[in-house]
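Report on the structure
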Amino acid sequence: MKVAVLKGGRSLERGVSLRSGARVEDALERLGHEVLPIDVGRDLVKRLIAERPDVAFVAMHGVGGEDGTVQELLEILGIPFTGPGAAACARCMDKVQAKYSIEEAALPTPAWFAFNQTAFRELGAADALGRLEETLGFPLVVKPSRGGSSLGVKFAAAPSEVPQALVSAFSYDERVLLERYVEGRELAVSVLGDEPLPVVEAILLEGDRYDFEARYEIGRTRFACPAELSAEEERAVTEAALGTYRTLGCTGFARIDLILAADGPWLLEANAIPGLTDTSLLPQAAEAAGLSFEQLVERILDLALRPAAA
Amino acid sequence: MSEVPEPTHRRRAHTSTRDLERYAGLFAERTGVMRSSAMRDLMAITARPEVISLAGGLPDTSTFPPQSFAAQMTRIAQESAAEALQYGPTEGFEETKDCILEVMGAEGMLPDPDDIIVTTGGQQAIDLICKAVIDPGDVIVCEAPTYPGALSVFSSYQADVVQVECDEDGMRVEALEALLADLRSEGRRLKFIYSVPSFQNPAGVTMSLQRRHQLVELARAEELLVVEDSPYGLLRYGGEPMPPLYQLDGGDFVVYVGTFSKILSPGIRLGWMVAPPPIMEKVVLGKQAADLCTSTLTQYFVREYFAERRWQRYIDDLVEIYRGRRDTMLEALRTHFPAEATWTEPEGGLFIWATLPDYIDTSDLLAKALRADVAFVPGQAAYLDGRGGQSMRLNFSGVGDEEIREGVRRIGKVIAEQVELYGALTGEQRAPEPAAEPEPNVLPFRKAEEA
């Protein structure tokens, strides 16, 4: 089968995407497929039309590749592709959209407020900051709405730190959200098809936050998979994750990140195209479920070609 | 003849979680301080053609005449193929040292050739001196900010790096004195002071003559080693030449690191170190262990190149080009950067160091700048202690005038947006407009045209 691997692009997670893409290409080759690697750029559509791949493996992260843009094009061109469809990607990529949907489905997500730059520049939203800080408490988390790998995520320990955290987060996106900080265990539930894979826990070095470096530096963070959870915890976590996956309309695969606090799971976000690098969580979870990386890739392709079989 | 099947290209199999754990268990303790960073990953985007990168530290090798390159390589092939393809002495060829003596002579230094070792770039010289003298926990003092590439070397030897504040006259030697007293009272062992005294990377500042004397006197009085890294000494665009620390000291306590990277080519990977014999002895042993010898082929290339007697003229050409680009960048900064920003006005070298209001984090700003297709090095890379978040290093040697102007304009625009946003967030009115008149940014530098 001729498989186009879409990777790179110009999102901030280009580097991560190139690593994901390389791993996927390798697995596809070993599986005996014809691989067409594409570093996504201006000639994407032209190349897809000329090369006519049977299926596209989307190994892109961040804006452009994970937000539905590329998926939309693939849908128009009638090329089956891996991972969620354009609409689900758009919902997952935008944390504000995702949180609206999660809340509507009555799933637990930390209290939050969202602002775009215009609100501050033109509508004097700064005057509302005090009130929302009261609601959320400190420390609070400031996140760009569309972003991945924890890029631009800032913690503010006091009101005086909020403006600077906002300026930083706004460097990554036009819209940011302020969120209550929930203390607990960092968990990720990957879903393949409609099946949850074993829960992965990121166990950080003391004093570390689960930031970009902690995610991708080998040996920096210890990952436990499956995470040590009681049966009850595991059920609560898995249910919350599956609920999120369905609510956002994901198909193929996705990874749901959440915090397990003393009072139960709190959903943070859904990743429509989770990382597939050496330190990424989806491959680890698959492995714990007995799937080698090649088997994982093959399964993802199957789901793209025969969605009904999921 | 039996047919050997051509091996097909294969990437390595995916590393499983178990492999990762196994490797992580193998890692030496020193790798724990070798940090990768989000910033380095973001730099993946700068490789895209639409991005104007002011982030690199690249000399403009397109200025080197290809005919000259071809002629030299042909001569080597015809006259010395066997030797040029052979191993060479660990210390380097005498003929390479003669070229080094010419370069150092141009800055008034006259070292004993036996004190010279030819290295694989100046970077290896930094590595070798650390290898010779640094035990884990030993203190290295350097400038704040300092060359990011040196910090990675220091970290890999698990040195305890202490950075001394710089101003427009370079490292503040009186602050260094106070620090030395503190270290002494804490019983900590200072192994050497690392300095880039001329047109420093990244700050672009040059240590004043008075400070140079102070530093050398301090080193001699306290019997401290100073490692003087001088990649850009001959790339001066204005002001009076300054004597290298090595010259002032005479080579007793100053170890000198030089390179052909910025005056000829970084691709040939040729640098050198000058050190007193006892240190040199250990450095040679270290070099032997590291790579036996520096590339003989490129040493032959340098020999041929110097034989043409045009090397100084080539530097003159570079100086002309880079001076123009520096002026273009300074002009663009005055036009496009906001009033709150300050920057250095280097008399030479490759870099300008700009500092923004303290509420702007340049590592985050880089994300925004990359979306506007422009890149710089966030200041944090030049510190090990998390400082530098408000500064950025801008390179003016690697790209042409038009790109410099456009690149600085784009950065200025994203800064202005952040300045305005912060104003809106805090209720402080901040002018997003660039300053009509440039701030007098503590500039002791004479403008190029006055030089």
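In this report, we go over the structure that sits alongside the text. If you're wondering where the values come from, they're calculated on a predicted model, not measured in any experiment. Residue positions are given per chain, counting from 1 as you read along its sequence in written order. Chains carry letters and ligands carry numbers; both start at the beginning, A for chains and 1 for ligands, and go up in the order they are written. Only residues with pLDDT of at least 70 get local features here, since the model is predicted, and only at 80 or more are side-chain atom pairs given and counted; chain-wide, interface and lining totals rely on the full set of residues. The basis for every side-chain value is the complete set of heavy atoms in the structure, and neither hydrogens nor water enter the calculation.

1. What to know about the overall build of chain A
- Each helix is a run of H or I in the DSSP string that is no shorter than four residues. Each strand is a run of E no shorter than two, and both are numbered from the N terminus. Secondary structure assignment for chain A yields 12 helices and 13 strands.
- Computation of the radius of gyration draws on C-alpha atoms alone. For the globule rule, the value is 2.2 Å times the number of residues to the power 0.38. For 310 residues, the compact-globule estimate of 2.2 N^0.38 gives 19 Å, and the C-alpha radius of gyration of chain A, at 19 Å, lies within 12% of that figure.
- Taking the principal axes of its C-alpha atoms as reference, chain A extends roughly 60 × 45 × 35 Å.
- Each residue gets one of three labels from its accessible area relative to the maximum for its type: buried under 20%, exposed over 50%, partly exposed in between, using a 1.4 Å probe on protein chains only. Counting all 310 residues of chain A, 59% fall into the buried class.

2. Overview of the pairing of strand β7 (residues 175-180) of chain A
Residues and elements named next belong to chain A.
- Two elements, strand β4 (residues 112-116) and β7, share five bridges in a ladder whose sense is antiparallel. Pairing of tryptophan 112 across the sheet is with glutamate 179, part of β7.
- Strands qualify as paired when DSSP identifies two bridges or more between them. The sheet contact formed by strand β5 (residues 140-144) and β7 spans five bridges and is antiparallel. Opposite leucine 140, over in β7, you have arginine 180 as the bridge partner.

3. Concerning empty space enclosed by the protein
All names here are of chain B.
- In the cavity and pocket records, a cavity denotes points on a 1 Å grid over the protein atoms alone where a 1.4 Å probe fits but cannot get out, a pocket denotes an open set with protein on both sides within 12 Å along at least 5 of 7 lines, and lining residues are residues with an atom within 4 Å of a point. Grid points are joined across faces, edges and corners, and a volume is the space filled by probe spheres set on the points. The tally for this structure, following the rule as stated, stands at two cavities of 30 Å³ or more.
- Estimates place the volume of the largest cavity at around 70 Å³.
- Along the walls of the largest cavity sit Val103, Glu107, Ser230, Pro231, Tyr232, Gly233, Leu234, Tyr256, Thr259, Ile263 and Trp272, which together make up its complete lining.
- Residue composition of the lining of the largest cavity, by class: seven nonpolar, three polar and one charged. Each residue receives one of three labels: charged for Asp, Glu, Lys and Arg, nonpolar for Ala, Val, Leu, Ile, Met, Phe, Trp, Tyr, Cys and Pro, and polar for the others, Gly being one of them.

4. Things to note about unusual backbone geometry
- Each neighbour pair has its own omega, and for cysteine 225 of chain A with proline 226 of chain A the value is 0°, a cis peptide bond.
- The residue proline 226 of chain A is located in the loop between β11 (222-224) and α10 (231-247) in this model.
- For the bond running from asparagine 201 of chain B to proline 202 of chain B, omega is 10°, close enough to zero to count as cis.
- When you line up the elements, proline 202 of chain B lands in the loop between β6 (190-195) and α8 (209-222).
- Unusually for a residue other than glycine, glutamine 158 of chain B sits at a positive phi of about 55°.
- Looking at where glutamine 158 of chain B falls in the secondary structure, it is placed in the loop between α6 (148-156) and β4 (160-167).
- Among the residues examined, glutamine 158 of chain B registers a relative accessible area of 22% and is labelled partly exposed.
- Located in the positive-phi region is arginine 269 of chain B, a residue other than glycine, with phi close to 50°.
- Here arginine 269 of chain B falls in the partly exposed class, since its relative accessible area comes to 34%.

5. Here we look at the nonpolar core
All names here are of chain B.
- Residues grouped as a nonpolar core are buried Ala, Val, Leu, Ile, Met, Phe, Trp, Tyr and Cys residues, joined through side-chain atoms within 4.5 Å. Residues Val141, Phe154, Leu176, Phe192, Phe260 and Phe337 are the most contacted members of the largest nonpolar core, which totals 151 residues.
- Ranked by residues supplied to this core, first place goes to helix α12 (residues 311-336) with 10 residues.
- The contact rule is simple, with two residues in contact once any of their heavy atoms fall within 4.5 Å. Setting aside anything within four residues of it in sequence, one finds phenylalanine 192 in contact with Ile129, Cys130, Val133, Ile134, Val139, Ile140, Val141, Phe154, Leu225 and Val227.

6. Here we look at the pattern of salt bridges
Residue and element names in this part refer to chain B.
- By definition, a salt bridge exists where a carboxyl oxygen of Asp or Glu is found within 4 Å of a side-chain nitrogen of Lys or Arg. Within this structure, the stated rule accounts for 44 salt bridges over all chains.
- One salt bridge connects lysine 368 with glutamate 417, and the closest N-O pair in it is separated by 2.8 Å. In this pair, lysine 368 is assigned in helix α13 (residues 362-371) and glutamate 417 in helix α14 (residues 401-426), connecting sequence segments 49 residues apart.
- The salt bridge involving arginine 387 is made with aspartate 385; its shortest N-O contact spans 2.9 Å.
- A residue is classified by how much of its surface remains accessible, and arginine 387, at 31% relative accessible area, is partly exposed.
- Judged by its relative accessible area of 45%, aspartate 385 is partly exposed.
- Look at the salt bridges and you will find they share partners, linking Arg75, Glu304, Glu308 and Arg310 into a network.

7. What about the packing of aromatic side chains?
- The pairing test for Phe, Tyr and Trp rings, Trp by its six-membered ring, is centres within 6.5 Å, and the orientation test on the planes gives stacked under 30 degrees, edge-to-face over 60, and tilted for anything in between. Enumeration according to the criterion identifies 21 aromatic pairs over all chains in this entry.
- Considering the side-chain rings of tyrosine 359 of chain B and tyrosine 422 of chain B, the 3.7 Å spacing of their centres and the 5° angle between planes classify their relative orientation as stacked. Here the residue tyrosine 359 of chain B occupies a position in the loop between β11 (351-355) and α13, and tyrosine 422 of chain B occupies one in helix α14, the gap between them amounting to 63 residues.
- Above the plane of the ring of tryptophan 266 of chain A lies arginine 180 of chain A, whose end atom (NZ or CZ) is 4.9 Å from the centre.
- Positioned above the aromatic ring of tyrosine 300 of chain B is the side chain of arginine 303 of chain B, whose terminal nitrogen or guanidinium carbon lies 4.0 Å from the ring centre. We call a charge positioned over a ring when the NZ of a Lys or the CZ of an Arg lies within 6 Å of the ring centre and within 35 degrees of the ring normal.

8. Some points on the packing of α12 of chain B against α14 of chain B
Residues and elements named next belong to chain B.
- Simply put, an axis is a line fit to the C-alpha atoms, just over the touching stretch for a helix, and the angle between two N-to-C directions goes from 0 to 180 degrees. Relative orientation of the contacting elements α12 and α14 amounts to 25°, with a least axis distance of 9 Å. With respect to each other, α12 and α14 are oriented roughly parallel. For the pair α12 and α14, the crossing hand works out as right-handed. Contacts between α12 and α14 pair Gly324, Arg325, Thr328, Met329, Ala332, Leu333 and His336 from the former with Asp401, Ile404, Arg405, Val408, Arg409 and Gly412 from the latter.
- Among the residues forming the contact of α12 with α14, the class breakdown is five nonpolar, four polar and four charged. Should an angle fall under 35 degrees it is taken as roughly parallel, and over 145 as roughly antiparallel, whereas 65 to 115 is taken as roughly perpendicular and any remaining angle as oblique. Crossings are assigned a handedness: left-handed for a near helix turned anticlockwise from the far helix by less than a right angle, right-handed for a clockwise turn.

9. Topic: helix α8 (residues 162-169) of chain A
- Counted residue by residue, α8 of chain A has seven buried out of eight residues, so it is predominantly covered.
- Among the residues making up α8 of chain A, those that are buried are Val162, Pro163, Ala165, Leu166, Val167, Ser168 and Ala169 of chain A.

10. What to know about the pairing of strand β10 (residues 200-203) of chain A
Residue and element names in this part refer to chain A.
- Bridge count for strand β8 (residues 185-192) against β10 is three bridges, and the pairing is antiparallel. Its bridge partner lying in β10, leucine 187 is registered against glutamate 201.
- The pairing of β10 with β11 spans three bridges and is classified as antiparallel. Within the sheet, the bridge partner assigned to isoleucine 203 lies in β11 and is arginine 222.

11. Quick notes on the state of the cysteines
All names here are of chain B.
- Any cysteine sulfur atom paired with another within 2.5 Å is treated as part of a disulfide. Per the counting criterion, the structure on display carries zero disulfides over all chains.
- As a non-bridged cysteine, cysteine 166 has cysteine 142 as the owner of its nearest cysteine sulfur, 9.2 Å distant.
- Of the residues examined, cysteine 166 reaches a relative accessible area of 14% and is grouped as buried.

12. Digging into the sheet that holds strand β1 (residues 2-7) of chain A
Residue and element names in this part refer to chain A.
- In spatial order, the strands read β2-β1-β3; together these three strands make up an open sheet with parallel pairing. Each having just a single partner strand, β2 (34-39) and β3 (55-58) make up the two edges of the open sheet. Ignoring which end each strand starts from, the neighbouring axes of this sheet average 25° apart.
- Inspection of the sheet shows β1 paired to β2 by six bridges, in the parallel sense.

13. Details of the environment of methionine 273 of chain B
All names here are of chain B.
- In this structure, methionine 273 sits in strand β9 (residues 271-274).
- On a C-alpha basis, the gap between methionine 273 and leucine 209 in space is 23 Å, while along the polypeptide they are 64 residues apart.
- Residues in contact with methionine 273, not counting those within four places in the same chain, are Asp115, Ile116, Ile117, Thr119, Ala125, Leu128, Ile129, Val255, Tyr256, Val257, Met280 and Val283.

14. Side note on the side chain of glutamine 72 of chain B
Residues and elements named next belong to chain B.
- Position of glutamine 72 among the secondary structure elements: in helix α3 (residues 66-84).
- The buried category is assigned to glutamine 72, whose relative accessible area is 0%.
- Within the structure, glutamine 72 has its side chain in polar contact with the side chain of serine 68 (distance 2.9 Å).
- A polar contact is formed between the side chain of glutamine 72 and the side chain of glutamate 308, at a distance of 2.9 Å.
- Other than its neighbours up to four places away in sequence, glutamine 72 contacts Phe64, Phe301, Glu304, Tyr305 and Glu308. We call two N or O atoms a polar contact when they sit within 3.5 Å, provided that within protein one can donate a hydrogen and the other can accept it, with sequence-adjacent residues counted only if both atoms are side-chain atoms.

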